Amino acid sequence: MCPCPFCTGVLLLLCPLLLFKKTRTWLKNKIKRHHKSCETCQHAEHEHCKAEHIKCTCEKCKKKNKQKRGKRK
């Protein structure tokens, strides 16, 4: 689970409303937008990927990979 206080707070407050499809959809979109801009979420994602030895999906690594690909051409 993400250590970000925003993510935790939203999840705990809206947990009873997750039974409804519109609420789930709204929450997924809200969390996706938040994760891309939150430094805490991005750092946690980077550390998780590093610990699991999988390809990192944080925004910083995505930008770095795009730059590397652009230079190869």
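Now for a look at the structure at hand. Remember, it's a predicted structure, so these values are computed and weren't measured experimentally.

## Notes on a nonpolar patch on the surface
A surface patch of nonpolar side chains, about 340 Å² in accessible area, is lined by Leu17, Leu19 and Phe20. Relative to the elements of secondary structure, Leu17 occurs in the loop between helix H1 (5-14) and helix H2 (21-37).

## Side note on the packing of H1 against H2
Packing of H1 against H2 brings their axes to within 11 Å, and their N-to-C directions diverge by 170 degrees. In terms of orientation, H1 and H2 fall into the roughly antiparallel class. In contact with Phe6, Cys7, Val10 and Leu14 of H1, H2 contributes Trp26, Leu27, Lys30, Ile31, His34 and His35. Its residues assigned to classes, the contact of H1 with H2 comprises 7 nonpolar, 2 polar and 1 charged.

## So, the environment of His48
Looking at where His48 falls in the secondary structure, it is placed in helix H3 (residues 39-52). A relative accessible area of 45% means that His48 is categorised as partly exposed. Along the backbone, His48 and Lys28 are 20 residues apart, and their C-alpha atoms lie at a distance of 20 Å.

## Some words on a positive patch on the surface
Positive charge collects at one region of the surface, where Lys21, Arg24, Lys28, Lys32 and Lys36 lie side by side. Among the secondary structure elements, Arg24 is positioned in helix H2. Given a relative accessible area of 34%, Arg24 falls into the partly exposed group.

Conventions and cut-offs
- Residues numbered from 1 in each chain as written.
- Predicted model: local features only at pLDDT ≥ 70, side-chain atom pairs only at ≥ 80, totals over all residues.
- Heavy atoms only, no water.
- Patch = residues over 30% accessible without salt bridge, like charges linked within 9 Å, V, L, I, M, F, W, Y side chains within 5 Å.
- Areas by Shrake-Rupley, 256 points an atom, 1.4 Å probe, with all protein chains shown as cover.
- Salt bridge = Lys/Arg side-chain N within 4 Å of Asp/Glu carboxyl O.
- Helix = DSSP H or I, 4+ residues; strand = E, 2+ residues; numbered from the N terminus.
- Axes fitted to C-alpha atoms, helices over the stretch in contact; angles between N-to-C directions.
- Parallel < 35°, antiparallel > 145°, perpendicular 65-115°, else oblique.
- Contact = heavy atoms within 4.5 Å.
- Nonpolar A, V, L, I, M, F, W, Y, C, P; charged D, E, K, R; others polar.
- Buried < 20%, exposed > 50% of the residue type's maximum accessible area, 1.4 Å probe, protein only.
- Lys, Arg positive; Asp, Glu negative; His and termini not counted.
- Charge placed at Lys NZ, Arg CZ, Asp CG, Glu CD.

By themselves, these are just geometric observations and shouldn't be taken as functional.
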